[in-house]
Each structure stands twice: as C-alpha cells, then as structure tokens.
Amino acid sequence: MKVLVSDSISPKGVEILKKAGLQVDVKTGLKSEELKAIIGEYDALIIRSATKVTAEIIEAADKLKVIGRAGTGVDNVDKVAATKKGIVVMNTPGGNTITTAEHTIAMLFSLARRIPQATASMKEGKWEKKKFMGVELYNKTLGIIGLGRIGSEVAKRMQCMGMNVLAYDPFLSDEKAEELGIIKTDLDRLFTESDFITIHTPLTAETKYLINKDTIAKMKNGVYIINCARGGIVNEKDLYEAIQSGKVAGAALDVFEKEPPEEGYPLIADDRVICTPHLGASTVEAQENVAVAIAEQVVDYLINGTIRNA
Ligand code: NAD
Ligand code: MLT
C-alpha cells in the first residue's frame, strides 16, 4: 500500500510507515493541481496544515482510505466530502499540547514586556530604555476562551505566575473548573474583567469572528489579545482598528485568516502586534510526538483496520 506524506513531518514518522512495509512518498509543497494529479495512486495521505484537502482532491482520491493529520486541527480537510467517500480522517490530539501552551505563554510574556520590539530596536543599534516600559502579569486577570487541552495547560502555568484565571468554555464542568482552581464564567464577564485574553477554541461557526468590534467594545481599555488557536476566530480588521484607537494595547498572533498573510499586511506592520508564522506546535518534541502518533495510527488502520482519533 502507498502513503503520500505531503507536508513535512519528523523522519521518525516516515520510518514507522516504512518499517510496516508501506511504500512512502514524501512530496511537500505540491500545488493543488499537482496533488490532484497524483492522489489517485495512494491509500493514505499524511498532512500538517499546509496541504488543503478540498472536495476536488477527495473526488480524485480513488484509492484513499485514510487522511492522517500530524497535529490537532483538521480544518484544512473537507470532512464532509471525505466521509461521503468513506475516507477516515484522523488527527493526533495531545501530541503538541504542551508545546502550544508554552508558545502561548512565551507570547504573553513577550507582549507584556515588548521583548520582540526591544530586540529589533537593539539590533538597529539603539538603546531605547524608556520606550519599552512593560506591564506585570502578576495579579492581572487572564481570560481563557476554550479550556480544552491547551487552554487548561495555559491556565495551570499562569496561575503559578500569580495571574487570576477566568475561563469560558460551554463544555467546562464545575468539577474541572474547581480542580483547576479557576473561575468559570460567561463570555461577557470574561470580556469585561480580563486584562489579557487568550483563545484556545477550534474555528467553528460559533467561534468565527468571536473577537470582533462588538465584543472588543465590551473589553477593558488597554486589553491585550493573544491568538495561538486558529485564524478567523479574531476579526483582523476589527482588531487592527481597535489597536489604532488604543482600545486594545497589543496583540500576539500565531495564526491568521490567510496564511501566509499578504506582504505589508497593516496588522503585522503595527508595532503593538507581535507575531509568529504558525509556530505554536513547532518544537522538536511536539513534531516527533505527532509524526510518530499519526504514523502508528495510519499503520494500525491500513493493516489492522483499527481506528483511533477519527
Ligand atoms: P481541545 O479540543 O482540547 O480544546 C478546545 C476547547 O474549546 C474545548 O474544551 C471546547 O469545549 C472549547 N470550545 C468549543 N467551542 C467553544 C466556544 N464556542 N467557546 C468557547 N470554548 C469552546 O483543543 P486543543 O488541542 O486545546 O486546541 C485548541 C486550538 O488550538 C484548536 O483550534 C487547535 O487547532 C489549535 N492549535 C493551534 C496550534 C498552533 O500551532 N498554533 C497547535 C495546536 C493546536
Ligand atoms: C495543529 O492544529 O496541530 C496546529 O495547527 C499545528 C501545526 O500542525 O502546525
């Protein structure tokens, strides 16, 4: 059986597929037409976030039995089209949780202390000590939207830093909130009381543009916003305007509605915005975890018919 790996994954994953006797082709950076032209040869497709598995690709995937996502979000796969064709879509929840929580926290500190801006300034030969006055996180309120795997790890760690944590998640039980020692709240209270707001939900019909001009209007003046979840949860035009008006003091963004964004995108050009190119899961450890997990799951399915994380 043949497996196509169309985004770059840790070699450890490829090794597992080969050891199981599968024929593996690693072809990254394929254009949509190129993927469509070859997908018919393969029994399995392994992706990260770059490959867009559209209905058109699925239509051409005559032998495909499984699409494996080395990571969490499967929003780059047309799941309805895949399901109609009997193709299993699986992911590896958990493998990059700690790494993404750590990235979020790095963004939170960098935003509060303006570390990326100060670094850029020093690299230009400047010593702008007065310009980069920061704010403490201690005793501030962190509002977490989405208290799943990543949100919970962020909550635990930031409580240790002395932040008060409020969380909104429609599926959060009172027991879990109590166990984590956080305040379970509704969105309105989270918006009005938080000094920093971080988002950890999937992108769904309910979360699309959850952060928009109306919800921003409810927030404290000088709030900071962090998005290491998915582009499209924040309305980027509204965020940009709120930063210009001073309502939002700064934002840290790892994900964008269009990735990569246009060159010279005003939101990214703004000095109060710090950003990374979807690096949330990019550590050696996390990439090994998700590559090994997806390879084992795909082998298990193709050879034993066992389905995990579908
Ligand atoms: P998860 O499924 O464990 O947690 C998501 C949580 O969001 C759940 O608890 C769910 O109940 C909650 N939720 C769903 N709808 C909601 C709503 N309308 N309002 C509030 N909460 C809602 O997922 P996770 O592994 O913690 O991942 C969270 C997000 O981070 C996902 O979007 C995922 O794709 C993204 N992610 C990004 C990176 C990155 O590289 N930046 C890496 C890993 C995951
Ligand atoms: C994910 O959903 O796991 C993330 O987007 C990380 C990634 O694969 O880049």
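Now for a look at the structure at hand. Keep in mind it's a predicted model, so treat the numbers as computed, not measured.

**Concerning the packing of aromatic side chains**
- For the structure shown, the criterion picks out 1 aromatic pair.
- On the numbers, 4.8 Å between centres and 10° between planes, the contact of F196 with Y224 is stacked. Taken together, the residues span a long stretch of sequence, with F196 in strand β9 (residues 196–199) and Y224 in strand β10 (residues 223–227) at a distance of 28 residues.
- Looking at Y224, the relative accessible area reads 15%, which means it is buried.
- When the ring centre of Y42 is taken as reference, the NZ or CZ atom of K2 above it lies at 4.9 Å.

**Focus on the side chain of T100**
- Summarising the element assignment, T100 is placed in helix α5 (residues 97–113).
- Of note is the side chain of T100, whose polar atom sits 2.8 Å from the backbone oxygen of N96.

**Some details on the pairing of β10**
- Taking burial as the measure, the 5 residues of β10 include 5 buried ones, the bulk of the element.
- Side-chain alternation along β10 places V223, I225 and N227 on one buried face and Y224 and I226 on a second face that is also buried.
- Sheet analysis places β9 next to β10, joined by 4 bridges and oriented parallel. Along β10, the bridge assignment pairs I199 with N227.

**Some thoughts on the site of ligand 1**
- Taken together, 27 residues surround ligand 1, and among them R149, I150, D169, T201 and D254 come closest.
- Note that an oxygen atom of ligand 1 is positioned 2.9 Å from one of the backbone N or O atoms of I150.
- Against a free-state accessible area of 870 Å², the protein chains account for coverage of 86% of ligand 1.
- Split into classes, the residues belonging to the shell around ligand 1 amount to 11 nonpolar, 11 polar and 5 charged.

Reading the values: rules and limits
- Residues numbered from 1 in each chain as written.
- Chains lettered and ligands numbered in written order.
- Predicted model: local features only at pLDDT ≥ 70, side-chain atom pairs only at ≥ 80, totals over all residues.
- Heavy atoms only, no water.
- Phe/Tyr/Trp six-rings, centres within 6.5 Å; stacked < 30°, edge-to-face > 60°.
- Helix = DSSP H or I, 4+ residues; strand = E, 2+ residues; numbered from the N terminus.
- Buried < 20%, exposed > 50% of the residue type's maximum accessible area, 1.4 Å probe, protein only.
- Lys NZ or Arg CZ within 6 Å of the ring centre and 35° of its normal.
- Polar contact = N/O pair within 3.5 Å; in protein donor to acceptor, adjacent residues only side chain to side chain.
- Pairing = 2+ DSSP bridges.
- Near = heavy atom within 4 Å.
- Areas by Shrake-Rupley, 256 points an atom, 1.4 Å probe, with all protein chains shown as cover.
- Nonpolar A, V, L, I, M, F, W, Y, C, P; charged D, E, K, R; others polar.

What is shown is where atoms sit, not what they do.
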